[in-house]
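So the chains spell out like this:
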Amino acid sequence: MKEKRIMIAYISKHRGNTYKIAKVISNELGAEIKKAEEVAPEELLNYDLIGLGSGIYAFGMHGKIKKLLKKSGNGNGKKVFLISTSGDPNGSKYHKGVKKILEKKNFKLVGEFNCPGAYYPWLLFGKKGINADRPNSEDIEKAKEFAREIMEKWI
């Protein structure tokens, strides 16, 4: 049987929260991991399973993730999972924009993972910030569990 090709494309600004989670998941899945800006849109179609990771910015996943998908061509049912970190502990609700693009481009969404990430909007919270210790070891374990579920169901 042919080995599945898996890749995670991510954007991780500010504190590297999304990278930490994407790296854990890529290790569990044996996936390649690349910064989204280093991935050519047509390259996505060379993989059997695609992870897209981003912090939540202005109530959505980063524009570079959306742009990558929009330029990728028809997904032909390729499997995709989403990863995000956010100041909001229920940040997966901000995946809506990317999910609409996935549907329109004929990709199959197979899972979503979100966890809190450290966020320091100085004007709102000063030096204290929110989720200062996140992602933490519990978040890392949840990310590993998510990866194992993806593996069991889709690989």
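As a starting point, this report considers the structure included with it.

The rules we used
- Residues numbered from 1 in each chain as written.
- Predicted model: local features only at pLDDT ≥ 70, side-chain atom pairs only at ≥ 80, totals over all residues.
- Heavy atoms only, no water.
- Helix = DSSP H or I, 4+ residues; strand = E, 2+ residues; numbered from the N terminus.
- Buried < 20%, exposed > 50% of the residue type's maximum accessible area, 1.4 Å probe, protein only.
- Contact = heavy atoms within 4.5 Å.
- Axes fitted to C-alpha atoms, helices over the stretch in contact; angles between N-to-C directions.
- Parallel < 35°, antiparallel > 145°, perpendicular 65-115°, else oblique.
- Nonpolar A, V, L, I, M, F, W, Y, C, P; charged D, E, K, R; others polar.

1. Section: the side chain of Asn17
Among the secondary structure elements, Asn17 is positioned in helix α1 (residues 17-29). The exposure class of Asn17 is buried, given its relative accessible area of 7%. When neighbours within four sequence positions are excluded, Asn17 is seen to be in contact with Ser12, Thr85, Gly117, Ala118, Arg134 and Pro135.

2. What to know about the packing of helix α2 (residues 63-70) against helix α3 (residues 96-104)
As a packed pair, α2 and α3 sit with axes 10 Å apart at the nearest point and diverge in direction by 5 degrees. It follows that α2 is roughly parallel to α3 by the angle criterion. Mapping the contact onto sequence places Ile65, Lys66, Leu69 and Lys70 in α2 and Val98, Ile101 and Leu102 in α3. Here the residues of the contact of α2 with α3 sort into five nonpolar, no polar and two charged.

3. Quick word on unusual backbone geometry
Note the cis peptide between Arg134 and Pro135, where omega equals -5 degrees. Among the secondary structure elements, Pro135 is positioned in the loop between α4 (122-125) and α5 (137-154). Of note, the phi angle at Ala58 is positive, near 50 degrees, even though the residue is not glycine. By secondary structure assignment, the location of Ala58 is in the loop between β3 (49-57) and β4 (60-61).

4. What about the environment of Glu149?
Relative to the elements of secondary structure, Glu149 occurs in helix α5. Its relative accessible area of 37% is what places Glu149 among the partly exposed residues. Separated by 38 residues in the primary sequence, Glu149 and Gly111 have C-alpha atoms spaced 9.0 Å apart.

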